Amino acid sequence: MTRSSVYASIVAMLQTDPHGALTALDRLAGPDRDTREAWDLRARALFFLGRQHEAYGDPATAITCWEQALQCHDASLDGELSVAIQELCHRTGVALAQAGRPAEALQIVDRGLALIQSERLAALRRQLEPPPPVSRTVPAPQRPAAAAPPPHASSSARSVRGDGALESAQRVSRRVAFNDLPPESRQRFVDCAQRRATPAPLHLEPTGGMAGPVVGFLLAAGVLASFAASGFGQAGGSSYDAPGWLVGYALLTFAVLASILAFVRARVTRWTLPYTPGTYLFPADIVIGDRDGSLVVLPLRELQSLKCVHHSTNGGYTHSLCHFQFSHELHSCRFNSQAAAEAVLQQLSQAERTQAAAAQIGDVETIAALDPLAALPGHTAVAAPVVRATPAWLRWRFAIAAAAGLVLAVPLWAGRNVLSDYSLFSETEVLGTEAAYRQYVVQGWLFKARAQERLPRVAFAEARRKGSVTALRAVLRNYPGSPVDAEVRAEIRAAYEKSRARFRAQAANADPVMVAFLEMLVDYMVAKDLSTVSVRFRSPNPAALAREDRRLSARAASSFRSMAPIAPHFEEKTARPRESAIVNRLDKAFAGIFPADVLALKMGPRLPAAGALSNDAPAILIDYDVAPSGMIYESSSNPLSKLFVGIKVVFKVSMRVPGAPRSFDFAMEVAPPQHFTVNYETPGAALAAFSGPSDERVYAVMAERAFDQLSTKLQRAFFPAADKPAPVRQK
């Protein structure tokens, strides 16, 4: 990159933004910053920056800039600098002398003479220099004050006008209390701020309005409402806020009250301030009026840079921001219209030119006319506006909101829980179910006694609608001694009587002893709230079967054949499935008469090999024995296969009810048929003629035939009128 390209951007900024040009020079690398060209550019930037301060009516800063420019030793610029210093010092010295401030006039002229040689400035200094004091020992007589003629009114007005205008022209950044300003200045600023006088503000960005407190209130109130509504009246959830939630209620209540007090403060501010608080952009100043009655004045002649940026989103214009950079702070003004922003920039440029032209001719009055705080004649105020005192309690608004939040948090929390409980109970009453009332009894508190009182009757109504004895028994179990206890028991007895009537119709031709026994069984189960009867088995004696196996094996060995043993196939592990099948078939037969929750059969524990049995529960006892029937079976397809002993099964059935004078007993003997078929699989067709079914399979078929006959006999004993299979029980 060439040096000319390095300095090109700086050259472009010299006249429009000399302060920015100086900043850019300071940021250059060492070799580029110390060239002759860089020093010449620095001198030019300081020259133009001095011109800006001269236009703003700030001669001291302008001379400082030009003094630094002379130190850059740009020979081509020395002549212009000398002329500028001479003109500014002469013009300012004359103006200060006319304003009655000769000491300041001499000071500015001496500063110019220290920088340049100028006969014009030297002549002015001689005129301004006071004459030497006259040495007299006797003072001149003085006239009495009362005899002195009053000053002329017109001369007094010119003096005030000159002093106020000059002070306005030399104004600098400052913070002032509105009430400390002269009455004329207060009235003038209020008139300008309200556009009743000039200069009117080009733009105003108000602060401390109603929008912030309103949005804050809506946000805080919404969060508080959501916080309180969380789990409100929710069955099974967190319907009640725990005491620890009081912290959240206190914080959110504080936020709501703080927003309300901020709204009140904004309303009070409108009454206490004669102007709207905010940032005013005047043609020559930025004035920031706060809500405490202070004004921050930033003369635009102290501006270091001004940039206006037009913003857009997806190609569409959104807003413009004008950035006013001062030496110590940055201010931005937002415009919603590009045309409005450009119009303000044009007015600021026009005001700058007006001030520059007025400064050239020393017209401080024109510069003062652009000052909204200038105390100019013709703006006297009999009752000038003042900032009223803000009520003292508003200064403690956050402490008040915090204290009130702590106080109100408890009733808010308690009230929310009361309303949540009321809502939960109302929903419980609408649902009217046992589950809803039970949930409220566990969860609720205000209406808990009422819910407990209603719960048994609600549960009884649900059980009656279901028509289930199990549900009715649950009411007795869950609510013992309740007011509906007698009604529930009557409903259960009615269900048993209904089943008893069906049984009587089925057992019209059955054994009267069996019918009487089942009548006693039903009565016992109603009295004891029972619904199941155990079926218990006692399997054959394995030692006796083993002795028979040894005897038959010896008999078969005499004919050079082998006999398949019986004992291994009637052990408990092999007998259990056959016994379960009998229980299932018999239970299905009972299902056609008795619902499952009235009377059902279930597999009970096995009977002991010997000893007396307790009679403390209804049961069906089945004791069976297996013995050789005297028949020998062999395979019809394989004459060399094993021999199988024909078995007979003797069943002894006893049905007992505790407290009954007698049991219902019967016995039966079952033998296998002359011929029966055993289905089995062989490992291959070639071995089919020399293999046969397994021992276990053959004896299993014999036992199944015997147990099938027992099942049929039991069904016919209880339900002789049944001509078709019993329906499947609905569990």
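In the block above lies the structure referred to throughout.
Residue indices begin from 1 for each chain and proceed along its sequence in written order. Per-residue local features of the predicted model are confined to residues with pLDDT of at least 70, and side-chain atom pairs are confined, for both listing and counting, to 80 or more; whole-chain, interface and lining totals are unaffected and use all residues. Heavy atoms from the whole structure form the basis of all side-chain values; hydrogens and water molecules are not counted.

S.K.: Account for the sheet that holds strand β2 (residues 203-206), naming residues and giving values.
M.R.: Strands are labelled as partners when DSSP assigns at least two bridges between them. Working definition: helices are DSSP H or I runs of at least four residues, strands are E runs of at least two. Numbering for both runs from the N terminus. Pairing is antiparallel in the open sheet, where five strands are placed in the order β1-β5-β4-β3-β2. Where the open sheet ends on each side, the last strands, each with one partner, are β1 (174-177) and β2. The sheet shows a mean angle of 15° between the axes of neighbouring strands, taken without regard to direction. When strand β4 (residues 285-289) meets strand β5 (residues 294-299), the two strands line up antiparallel, connected through five bridges. The partner of Val287 across the bridge, within β5, is Val297. All axes are obtained by fitting lines to C-alpha atoms, using only the stretch in contact for helices, and the reported angles, taken between N-to-C directions, cover 0 to 180 degrees.

S.K.: Tell me about the pairing of strand β8 (residues 330-335), residues and numbers included.
M.R.: The two faces of β8 differ: His331, Cys333 and Phe335 on one face are buried, but Leu330, Ser332 and Arg334 on the other face are not. Examined bridge by bridge, strand β7 (residues 316-325) and β8 share six bridges and lie antiparallel to one another. When the sheet's bridge partners are listed, Phe324 is paired in β8 with His331. Buried means the residue's accessible area, taken with a 1.4 Å probe over protein chains only, is under 20% of the maximum for its type, while exposed means over 50%, and partly exposed covers the values in between.

S.K.: Report on the pattern of salt bridges, specifying residues and quantitative values.
M.R.: Any carboxyl oxygen of Asp or Glu that lies within 4 Å of a side-chain nitrogen of Lys or Arg is treated as forming a salt bridge with it. All chains considered together, the criterion is met by 23 salt bridges. Between Asp40 and Arg36 there is a salt bridge, and its shortest N-O distance comes to 2.9 Å. Pair noted here: Asp40 and Arg36 are both in helix α4 (residues 36-55), with a separation of four residues, about one helical turn. Using a relative accessible area of 23% as the deciding quantity, one classes Asp40 as partly exposed.

S.K.: I'd love a proper account of a nonpolar patch on the surface, names of residues and values included.
M.R.: The patches described consist of residues with a relative accessible area above 30% and no salt bridge, like charges being joined within 9 Å and nonpolar side chains (Val, Leu, Ile, Met, Phe, Trp, Tyr) within 5 Å. Per-residue accessibility takes into account occlusion by the displayed protein chains alone, with areas from the Shrake-Rupley method and a 1.4 Å probe. On the surface, Val214, Phe217, Leu218, Ile260 and Phe263 cluster together to form a nonpolar patch covering roughly 400 Å² of accessible area. Of all the secondary-structure elements, those providing two or more residues to the nonpolar patch are α11 (211-229) and α12 (246-272). Residue contributions to the nonpolar patch peak at three residues, all from α11. Assignment of secondary structure puts Ile260 in helix α12.

S.K.: So what about unusual backbone geometry? Which residues, and what values?
M.R.: Note the cis peptide between Thr198 and Pro199, where omega equals 5°. Among the structural elements, Pro199 can be located in the loop between α10 (183-193) and β2. Non-glycine residue Arg195 carries a positive phi angle of around 65°. Following the sequence through the fold, Arg195 ends up in the loop between α10 and β2. Classification of Arg195 by relative accessible area gives exposed; the value is 52%. A positive phi angle is found at Asn314, which is not glycine, with a value near 55°. Positionally, Asn314 belongs in the loop between β6 (305-313) and β7. Take Asn314: its relative accessible area is 85%, and that puts it in the exposed class.

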